[in-house]
Amino acid sequence: MAVDYTTRDGVAVITLNNPPVNGLGHSTRAGIVEGLARANSDPAVSAIVITGAGKAFSGGADITEFNTPKATQEPTLHTVIKEVEKSAKPIIAAIHGVAMGGGLELALGAHYRIAAPGAQIALPEVKLGILPGAGGTQRLPRAIGLEAALNMIVTGTPVLSEKLANAGLFDAMAQGDLLDEAIAFARQAAGKPGPHPLVRNRKIEHANAEGFLQFSRNTVAAMSKNYPAPLKCVDAIAAGVKQGFDKGLAFERECFVELVQTPESQALRHAFFGERAASKIPDVPSSTPTRAIQQVAVIGAGTMGGGITMNFLNAGVPVTLLETKQEALDRGLATIRKNYEAQVKKGKLTAEKLEARMALIRPTLTYDDLKQADLIIEAVFEELGVKEQVFTRLDEVAKAGAILASNTSTLDVDKIAAFTKRPQDVVGLHFFSPANVMKLLEVVRGKETAKDVLATVMQVAKKIRKTAVVSGVCDGFIGNRMIEQYIRQALYMLEEGALPAQVDRAIEKFGFAMGPFRMSDLAGNDIGWAIRKRRYQETPEIKYSKVADRLCEQGRFGQKTGAGWYDYKAGERNALPSKLVDEMIVAYSKEVGVQRRKISDEEIVERLVYALVNEGAMILEEGIASKASDIDMVYLTGYGFPLWRGGPMLYADAAGLYNVARAIRRYAQQPNGDAWQIASSVAELAESGGTFN
Ligand code: T1G
């Protein structure tokens, strides 16, 4: 049973004991009800404490039960809380670590609450596309006031318990041992005449509740397009204010049942578990020993090297930053400082913290200073010869056991490892620009990369707050290999009849942060050009429309040259459709003898997204990625795929692989159809009715 029961000094102690976060799964819920019945029927027991074992009071309902029979199997959390409120003996919730979601709702049902400092208090359901479903929208406003409660519920942001010490939520803050103090509190409460206080009986005081709620609705509606849950949170709170607790509770229940079945909630829950699943590598047990990483070194103080360095400084880890020339080193340091100064200006960082972080950098021009580093990350020019020089030198100076990482985005990590006599210590750490901002980190596993190296870098990734996804070695790893096919389709569609602004608008309406042509103008069209020129040599069988080469031959590299697929006014970044480029595209179609046709937005979205899905399927088949959710995490955290759609592979599941396969086969019959070689797993899943996730 996921609940322990003991008694001490006439007080029953019900301890939630369902690692890792005391999720309120069915067995835990049943255990609480049994404990309550036992305590209330034991004449030797005068009061009851509910507390949590391990690191949490409770992380809330067990999300893994959602949309399964267990989620609604009695006793539901509603029933548990009703039993708590009905108890004749006073019940004290003793909170430490985490009281979130249903965990906080359970505590709100108790007669009294005592909290240890440092506990994370939240109703984060909105981040899962749902809303508090066990009375949180009704009790929290009665506990801490309408405005504070609405803010916590709509944002889902945790608040530290000590910040709520006087908010009306806790009857006491523990000064020492939480359980001792909770038991003492319980014994005192037992001496008080009943009935014991219930949050549900409190009034919601507000000078102008109607006005505040209307203002909240308007604000939340503007902020949460594509996400239905935040507005439902406001509606449920409002229902309780206007119609009283019971009607509000019933309405909250209706909203919960509706939201938990929405694709948005499924996508958000998929991302929640996908982020955690990504840190698990199938053949690297979580018990794998890790190497101590105290000293980090970064080679290259350019855009990537500087951004990578900042990640470690932000985590309080000193970095030895190596450049070949003083002016390059100075420039790199100045850029890091400038980035931090921008954060100070925005009030996101104090000047003291800025200096403290800068003080963690040890600039150097000599490899000898890397001798003590436990982890060395190179972010030098993306050319194999340069990597060879760096790794040969590292092999000479780095201490035994140091992890040697390359930030390469396109080169073969096995070839890089072979420049050393220690390939087992070599791994790819592909950061995404800007490296101090983007959450995604592709961990590229060479064929000889040791398992403890992988376990260590996954731990480092968590420390620097990155979403790390393991990729095998192939051209472009996971993200760039898939985006290659996406771009191919975008270019073919220009040739066949679309224009850049239409393609971008269609995919941005689908939810991408930025369409392929605005993205390319931002990143620099010359980067894609260099990759295509390399491909024309290495893999001539992969055909591309040459329309992008025409653009680059005119020096239209994008924002950095003031003109690309779009025109840009001097000093401005907004993309203006270019008549000249549109004419160039139409002329190009004529030159290659393609009869231009009207291409629908639906076709644009299908060809771009299914190109990702199809390549992602091959990546899974080849074992480059170990699970579909890893591919989704790459696209959600590194490529601006809309979070509310859960990633390309989940989107394909929702569209139905049968329909995806039919569309791919249709496009394979059209001009440029040779780009569509349907992945065998797509065909098989279409046939079997299966899904990737
Ligand atoms: N259900 C199931 N598993 C959960 C879970 C949950 N609520 N919370 C965490 N886990 C798993 C997680 O997947 C991971 O598993 C392990 O616990 C450690 O998590 C009725 C309906 C609590 C702050 O949204 O925010 O209540 O990978 O790595 O960094 O109104 O987990 O080890 O196998 O994140 O210490 C509302 C979600 C639910 C809280 C701990 N509650 N969890 O962070 O550990 S809906 C939440 C978190 C609800 C009611 C509604 C964090 C944490 P594995 P972790 P952590």
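The name an unreviewed UniProt entry gives the protein is Fatty acid oxidation complex subunit alpha, with Paraburkholderia caffeinitolerans as the organism. The UniProt entry for the protein carries this comment under Pathway (unreviewed entry): "Lipid metabolism; fatty acid beta-oxidation." Taken directly from UniProt, the Catalytic activity (unreviewed entry) text for the protein runs: "a (3S)-3-hydroxyacyl-CoA + NAD(+) = a 3-oxoacyl-CoA + NADH + H(+)".

### Re unusual backbone geometry
The omega torsion of the bond from P19 to P20 falls at 5 degrees, within 30 degrees of zero and hence cis. Checked against the element boundaries, P20 lands in the loop between β2 (11–16) and α1 (26–41). Of the consecutive residues S433 and P434, the connecting peptide bond is found in the cis state with omega at -5 degrees. Within the element layout of this structure, P434 appears in the loop between β15 (426–431) and β16 (440–444). Of note, the phi angle at N226 is positive, near 80 degrees, even though the residue is not glycine. Here N226 is to be found in the loop between α8 (209–223) and α9 (229–243). A positive phi angle, close to 65 degrees, is found at N672, a residue other than glycine. Topologically, N672 is positioned in the loop between α27 (657–668) and α28 (680–688).

### Describing the site of the ligand
Around the ligand, the surrounding shell holds 26 residues, and the nearest of these are K55, E105, E125, G133 and K280. Note that a nitrogen atom of the ligand is positioned 2.8 Å from one of the backbone N or O atoms of G59. Separating an oxygen atom of the ligand from a side-chain N or O atom of R276 is a distance of 2.8 Å. For the ligand, the protein covers 77% of the area, taking 990 Å² as the surface of the free molecule. When contributions to the shell around the ligand are tallied by element, the ones reaching two or more residues are α4 (102–109) and α11 (263–278). For the shell around the ligand, the element with the most residues is α11, which contributes three residues. Here the shell around the ligand is composed, by residue class, of 14 nonpolar, five polar and seven charged.

### Topic: the sheet that holds β16
In spatial order, the strands read β12-β11-β10-β13-β14-β15-β16-β17; together these eight strands make up an open sheet with mixed pairing. Across the chains shown, the open sheet's two edge strands, defined by having one partner strand only, are β12 (361–364) and β17 (467–471). Going from strand to strand, the sheet's axes swing by 25 degrees on average, the running direction of each strand aside. Summarising the sheet, strand β14 (residues 403–406) and β15 pair through three bridges and their orientation is parallel. From the neighbouring strand, A405 faces β15, where its bridge partner is V427.

### Structural notes on the packing of α11 against helix α25 (residues 628–638)
Running from N to C, α11 and α25 point in directions that differ by 105 degrees, and their axes come no closer than 9 Å. The pairing of α11 with α25 is recorded here as roughly perpendicular in orientation. Between α11, through H270, A271, G274, E275, A277 and A278, and α25, the contact on the second element is made entirely by S629, D630, D632, M633 and L636. The class makeup of the residues in the contact of α11 with α25 is five nonpolar, three polar and three charged.

### Re the environment of P423
Position of P423 relative to the elements: it lies in the loop between α16 (413–417) and β15. With relative accessibility at 16%, the residue P423 sits in the buried group. Distance in space between the C-alpha atoms of P423 and D395 is 9.9 Å, their sequence separation being 28 residues.

### Overview of the UniProt feature "domain: 3-hydroxyacyl-CoA dehydrogenase NAD binding" (unreviewed entry) in the protein
Here the UniProt-annotated "domain: 3-hydroxyacyl-CoA dehydrogenase NAD binding" (unreviewed entry) positions come out as residues 295–471. Summarising residues 295–471: 41% helix, 20% strand, and an end-to-end C-alpha distance of 25 Å.

Parameters and conventions
- Residues numbered from 1 in each chain as written.
- Predicted model: local features only at pLDDT ≥ 70, side-chain atom pairs only at ≥ 80, totals over all residues.
- Heavy atoms only, no water.
- UniProt positions renumbered as here; feature names shortened; annotations may be inferred.
- Helix = DSSP H or I, 4+ residues; strand = E, 2+ residues; numbered from the N terminus.
- Near = heavy atom within 4 Å.
- Polar contact = N/O pair within 3.5 Å; in protein donor to acceptor, adjacent residues only side chain to side chain.
- Areas by Shrake-Rupley, 256 points an atom, 1.4 Å probe, with all protein chains shown as cover.
- Nonpolar A, V, L, I, M, F, W, Y, C, P; charged D, E, K, R; others polar.
- Pairing = 2+ DSSP bridges.
- Axes fitted to C-alpha atoms, helices over the stretch in contact; angles between N-to-C directions.
- Parallel < 35°, antiparallel > 145°, perpendicular 65-115°, else oblique.
- Contact = heavy atoms within 4.5 Å.
- Buried < 20%, exposed > 50% of the residue type's maximum accessible area, 1.4 Å probe, protein only.

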